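# Report on the structure
Listed below are the residues making up each chain.
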Amino acid sequence: MRKLLNAIYDSSAALAALCMCGLLFMVLLSVLSRQFHVHVPGTDAYAGYLMAGAGFLALAHTLKRGEHIRVTLVLSFFKGTARRGLEIFSLVLASLLAVLFAFYSCRLVWQSIEFHDISTGNDATPLWIPQLFMALGTVIFALAFVDELVLEIQGRRSATESGEMLRNE
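Below is a short write-up of the structure. (Residues numbered from 1 in each chain as written. Predicted model: local features only at pLDDT ≥ 70, side-chain atom pairs only at ≥ 80, totals over all residues. Heavy atoms only, no water.)

## Thoughts on unusual backbone geometry
Trans peptide bonds make up most of the peptide bonds, and negative phi angles are found at most residues other than glycine. Note the cut-off: Starting at the N terminus, helices and strands are each numbered in turn, a helix being any DSSP run of H or I of at least four residues and a strand any DSSP run of E of at least two. Relative accessibility thresholds used throughout: buried, under 20% of the residue-type maximum; exposed, over 50%; partly exposed, between the two (1.4 Å probe, protein chains only).
Despite not being glycine, His 37 has its phi angle at roughly 55°, a positive value. Topologically, His 37 is positioned in the loop between helix H1 (2-35) and helix H2 (43-57). His 37 sits in the exposed class, given a relative accessible area of 75%. One non-glycine residue, His 116, adopts positive backbone phi at about 55°. Within the secondary structure, His 116 is located in the loop between helix H4 (80-114) and helix H5 (128-154). For His 116, a relative accessible area of 66% gives the class exposed.

## Brief notes about the environment of Gln 35
When you line up the elements, Gln 35 lands in helix H1. Here the alpha-carbon distance between Gln 35 and Ala 144, two residues 109 residues apart in the chain, equals 44 Å.

## Looking at the nonpolar core
As a reminder, the rule being used: Put simply, buried Ala, Val, Leu, Ile, Met, Phe, Trp, Tyr and Cys residues joined by side-chain atoms within 4.5 Å make one nonpolar core. In this description, contact between two residues means that some pair of their heavy atoms is separated by no more than 4.5 Å.
Ranked by internal contacts, the top residues of the largest apolar core, which has 14 residues, are Tyr 9, Ala 60, Leu 63, Ala 98, Phe 141, Ala 144 and Phe 145. It is H5 that provides the largest number of residues to this core, a total of six residues. Once you skip the residues sitting within four places of it in the chain, Ala 60 turns out to touch Tyr 9, Ile 140, Phe 141 and Ala 144. Core analysis: the second largest hydrophobic core is formed by eight residues, Cys 19, Leu 23, Ala 47 and Ala 54 among them.

## Considering H4
An α-helical turn contains 3.6 residues, so a residue and the one three or four places further along point in the same direction. For clarity, the cut-off: Any helix carries an expected span of 1.5 Å times its number of residues minus one.
For H4, built from 35 residues, the straight-helix expectation of 51 Å at 1.5 Å per residue is met to within 8% by its first-to-last C-alpha distance of 51 Å. Among all positions of H4, only Glu 87, Leu 91, Ala 94, Ser 95, Ala 98, Ala 102, Ser 105, Val 109 and Ser 112 are buried. Of the surrounding secondary structure, the elements contacted by the buried residues of H4 are H5. Count one or two residues on from H4 and you reach His 116, which has phi positive near 55°.

## Here's the deal with the pattern of salt bridges
What counts, and what does not: Note on definitions: salt bridges are taken to be side-chain nitrogens of Lys or Arg within 4 Å of carboxyl oxygens of Asp or Glu.
For the structure on display, the rule yields six salt bridges. A salt bridge links Arg 65 to Asp 10, with the nearest nitrogen and oxygen atoms 3.1 Å apart. You can see Arg 65 sitting in the loop between helix H3 (59-64) and H4 and its partner Asp 10 sitting in helix H1, a full 55 residues away along the chain. On the accessibility criterion, Arg 65 (40% relative accessible area) is partly exposed. Among the salt bridges present, the one from Glu 148 reaches Lys 64, with a minimum N-O distance of 2.5 Å. In this pair, Glu 148 is assigned in helix H5 and Lys 64 in helix H3, connecting sequence segments 84 residues apart.

In C-alpha cells, the structure reads:
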C-alpha cells in the first residue's frame, strides 16, 4: 500500500512538472508569436490553466516531503503526549478541510460538464478540462493528509526536516 501511495504522489508531481513545461511552452509561444506578428489565440488562458494545474498537482508531493509552511511556534512549546495530541488534532482538521476542498473541486468539474460551461475567450475551452487538474490535485492532497493522519495515529509518521530554520529572513 505504501508503494502505491508514494507512486500516486510521485505521479502527481510528475504531472505538475509536465504542466510547468507546458506553461513554459505557452509563454514562449506567446512571446514569439508577438515578435513575428502572428496571433495564436488562447495562449494566455492555457498558460493560466497550466499554472493552476502545476500548483494543485504538486500539493500532495510537497506535503509528503515536509515542505509546506507550518506554524511551529505553538507546537514547539509542547512535548510528548501533548505535542502528539496537537499534531493529531491539526491533521484531523487539515484532513477535513482537504476533503471538503476536494469534494467541492470535483463538484465544480461535474457542474461544468453538466452546464456545458466554456471559457469566455475566443478559444471556447470546456472549463471542466482545466478544472480537472484542480480536482485531481485536491483529491490526491486530501489522500496525502489522511495518509499523514493514519501514520501519526499509528506512530509511524516520520518527522521530516524541511530546513525551515535555514530559510529565516
